[in-house]
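# Descriptive structure summary
Spelled out from the first residue to the last, the chains are:
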Amino acid sequence: DQQVKQNSPSLSVQEGRISILNCDYTNSMFDYFLWYKKYPAEGPTFLISISSIKDKNEDGRFTVFLNKSAKHLSLHIVPSQPGDSAVYFCAALITGTASKLTFGTGTRLQVTL
Amino acid sequence: EAQVTQNPRYLITVTGKKLTVTCSQNMNHEYMSWYRQDPGLGLRQIYYSMNVEVTDKGDVPEGYKVSRKEKRNFPLILESPSPNQTSLYFCASSRRDVQETQYFGPGTRLLVL
């Protein structure tokens, strides 16, 4: 049972435009959400996170939005750059427990020139 | 440099031949974890460790063993590998109180024939 879902396996965006990556979750106990970025032949690296008490968190070109009622979060990248081409994983966590990150299946973003 | 290292990076083996993938971190992190990444399934946790001598199963522990005798090391052992364990494996570590921002190793690609 996939508790964290990324329904778009791939996304292609032109350089300078906005990239929007989506993620849905089913477990209402999740209270912390993260995005990880992964380049080929490397491990995932933490990108940005959001607590369930917020609906938006911004870090430079990256913004994560959380809609708790819809159990949906999205990552916006503005403007997109070729170096953003990577696989993006959404992940969720129940804080305060001996818990684990539950990852989505990933979305491959390609930013074209 | 703060890092998580894994060895080997690539491994081809045959069914039933025991193998160990090593993982080491130099950040004095309490929490360590192993994941496998498979197409369409994202990252799934195999085992995790909250501290020395404390380990627990993740989502897909069957066919794997781990040990945590020292804080910095968390080896993954496949006693009798099978072809369905062909995968990309990642080790990760974090501070116990900040598990969300896990640091990942570069990955080990395993092929079991």
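Now for a description of the structure that goes with this document. Residue positions are given per chain, counting from 1 as you read along its sequence in written order. Chain letters and ligand numbers both follow the written order, the letters beginning at A and the numbers at 1. For a predicted model such as this one, the threshold for reporting local features is a pLDDT of at least 70, and the threshold for listing and counting side-chain atom pairs is 80 or more; totals across whole chains, interfaces and linings nevertheless cover every residue. The side-chain values count all of the structure's non-hydrogen atoms but skip hydrogen atoms and water molecules.

### Examining the interface of chain B and chain A
Listed per partner, the contact involves 21 residues of chain B and 20 residues of chain A. Surface buried jointly by chain B and chain A totals about 1600 Å² across both partners, of which 59% is contributed by carbon and sulfur atoms. The salt bridge criterion pairs a side-chain nitrogen of Lys or Arg with a carboxyl oxygen of Asp or Glu, the two atoms within 4 Å. Where chain B packs against chain A, one counts zero salt bridges. At the level of elements, β4 (31–38), β5 (42–51) and β9 (87–94) of chain B are the ones that each hand at least two residues to the side of chain B that touches chain A. Counting residues per element, the side of chain B that touches chain A draws most heavily on β5(B), which supplies five residues. Among the residues making up the side of chain B that touches chain A, the classes are represented as ten nonpolar, eight polar and three charged. Contacts were defined at the residue level, with two residues in contact if any of their heavy atoms lie within 4.5 Å. Summed over both partners, buried area is the accessible surface (1.4 Å probe) that two parts give up on being assembled. Each helix is a run of DSSP H or I of at least 4 residues and each strand a run of E of at least 2, with the numbering of both proceeding from the N terminus. Three classes are used: nonpolar for Ala, Val, Leu, Ile, Met, Phe, Trp, Tyr, Cys and Pro, charged for Asp, Glu, Lys and Arg, and polar for all others, with Gly counted as polar.

### Regarding the environment of Arg96(B)
Residues and elements named next belong to chain B. Inspection of the secondary structure puts Arg96 in the loop between β9 and β10 (103–104). Put simply, Arg96 and Asn84 are twelve residues apart on the chain and 31 Å apart in space, counted from C-alpha to C-alpha. Beyond its immediate stretch of four places on either side in the chain, Arg96 contacts Glu30, Tyr31 and Met50.

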